[in-house]
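Observations on the three-dimensional arrangement
Below are the chains, spelled out letter by letter.
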Amino acid sequence: MSSAVTSPAAPPPERVLDDQARRVGERMRALRRAHGLTLIQVAERTGLSHSFLSQLERGHTRPSMVSLERIAQALRTSQVELLAAGDPQQADPDDRRPRVLRSTEGARGPFSQGEARLLVRGARAFEPLEWVGANTDPGEYYVHDEDEFLYVVAGGVVLDLGDDGVSELAAGDSAYYPGGTSHRWRSADGSLFRLIVVKQKPRLDAPTRRRRDRSHR
């Protein structure tokens, strides 16, 4: 009696990670198309692969904060605007009334180096984030044109400012660095840390400033 030949199992279909990833991906696609750009053109501008960008737009993966910044610059928007697209409660960008945000609210984005939560909704003059992580690998350097302020709420953090030095920060410590400064951070001992990071809102019509530290391109 001959045995039946078993066909190899088909690979499982790619799945959307969650609603947040889907909404961010849809916003990226809408902005790209509004600017008349192809995925290949965005890949060339960001240094990210065409296939990775395609997965992002379909909600099948998440970017790092560094990759999100590159994509935002290529699409002439802000990192925070893309992250805000993941919030199920979208605010009217023209609503300038005072607003209270509860601890359970705000767009969240899990990343390889931690989780970010937006602390405002709608169009505001600056962009505050809460950042929670325990990563001991600082990852790639962030570089953007806007000035930024960092405050350590809890834990110990090693702040690396490229050519401007490395500092170990404790709860209550803060740092301010101008646009163009290479920066990244990690846990000082592998335990959880919590930061408040406040960045200027990008001026999308302004020319890009040269980086102050050119050694980490």
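Since this is a predicted model, take the numbers as computed values, not measurements. (Residues numbered from 1 in each chain as written. Predicted model: local features only at pLDDT ≥ 70, side-chain atom pairs only at ≥ 80, totals over all residues. Heavy atoms only, no water.)

Right, let's get into the environment of T104. Counting through the fold element by element, T104 comes out in the loop between α5 (79-84) and β1 (108-111). T104 gets classed as exposed once you look at its relative accessible area, which sits at 67%. (Helix = DSSP H or I, 4+ residues; strand = E, 2+ residues; numbered from the N terminus. Buried < 20%, exposed > 50% of the residue type's maximum accessible area, 1.4 Å probe, protein only.)

The next point concerns the packing of aromatic side chains. As enumerated under the stated definition, the model contains two aromatic pairs in all. Between W131 and W185, the ring centres sit 6.0 Å apart and the planes meet at 75°, which makes this aromatic pair edge-to-face. Of this pair, W131 sits in strand β3 (residues 126-133) while W185 is found in strand β8 (residues 184-187), placing the two residues 54 residues apart along the sequence. Each member of the pair W131 and W185 is classed as buried. (Phe/Tyr/Trp six-rings, centres within 6.5 Å; stacked < 30°, edge-to-face > 60°.)

With 39 residues, the main nonpolar core has W131, L150, W185 and L195 as its most contacted residues. Considering every element that reaches this core, the biggest residue donor is helix α4 (residues 65-74), with six residues. Setting aside anything within four residues of it in sequence, one finds L195 in contact with L129, E130, W131, L150, Y151, V152, V153, V157 and W185. (Core = buried A, V, L, I, M, F, W, Y, C linked by side-chain atoms within 4.5 Å. Contact = heavy atoms within 4.5 Å.)

Attention now goes to the pairing of strand β6 (residues 166-169). Looking along a regular strand, one sees side chains alternate from face to face of the sheet. Sheet topology note: the strand β5 (residues 157-160)/β6 ladder contains four bridges and is antiparallel. Across the sheet, the residue bridging to V158 is E168, located in β6. Adjacent in sequence and paired antiparallel, β5 and β6 are bridged by five residues, among which G162 carries a positive phi angle near 65°. (Pairing = 2+ DSSP bridges.)

Looking now at the sheet that holds strand β7 (residues 174-177). If you walk across this open sheet you meet the six strands as β1-β2-β3-β9-β4-β7, and the pairing is antiparallel. Both outer strands of the open sheet, β1 and β7, are each paired with one neighbouring strand and no more. Strand after strand, the sheet turns through a mean of 20° between neighbouring axes, direction not considered. Two elements, β3 and strand β9 (residues 193-200), share eight bridges in a ladder whose sense is antiparallel. Opposite G133, over in β9, you have F193 as the bridge partner. (Axes fitted to C-alpha atoms, helices over the stretch in contact; angles between N-to-C directions.)

Time to look at the pattern of salt bridges. Scanning all chains against the criterion turns up 11 salt bridges. R194 is paired through a salt bridge with E130; the nearest N and O atoms lie 2.8 Å apart. You can see R194 sitting in strand β9 and its partner E130 sitting in strand β3, a full 64 residues away along the chain. The exposure class assigned to R194 is partly exposed, which follows from its relative accessible area of 31%. (Salt bridge = Lys/Arg side-chain N within 4 Å of Asp/Glu carboxyl O.)

Right, let's talk about the packing of helix α2 (residues 39-46) against α4 for a bit. Closest axis-to-axis distance for the α2/α4 pair is 9 Å, and the angle between their directions is 120°. Judged on the interaxial angle alone, α4 and α2 are oblique. Relative to α4, α2 is oriented so that their crossing is right-handed. Contacts between α2 and α4 pair V42, R45 and T46 from the former with R70, I71 and A74 from the latter. (Parallel < 35°, antiparallel > 145°, perpendicular 65-115°, else oblique. Left-handed = near helix turned anticlockwise from the far one by under 90°.)

Here the focus is the confidence of the model for the chain. Confidence in the prediction for the chain averages 82 pLDDT; 83% of positions are at 70 or higher. Summarising per-element confidence for the chain, the mean pLDDT is lowest in β1 (76) and highest in β6 (98). The low-confidence segment residues 207-217, where pLDDT is below 50, has 25 contacts with residues more than four positions distant or belonging to other chains. (pLDDT = per-residue confidence, 0-100.)

Turning our eyes to something else, we now look at unusual backbone geometry. Even without being a glycine, R76 presents a positive backbone phi close to 55°. By the secondary structure assignment, R76 is in the loop between α4 and α5.

Turning our attention to α2. What α2 keeps buried is the set L39, V42, A43 and T46. Projected down its long axis, α2 shows its buried positions confined to an angular sector of 105°, all on one face. When the buried face of α2 is taken as reference, the exposed residues oriented beyond 90 degrees from it are I40, E44 and R45. In this structure, the buried residues of α2 make contact with α1 (19-34), α3 (50-57) and α4. Residue G47 follows α2 closely and has a positive phi angle near 80°. (Arc of directions from axis to C-beta.)

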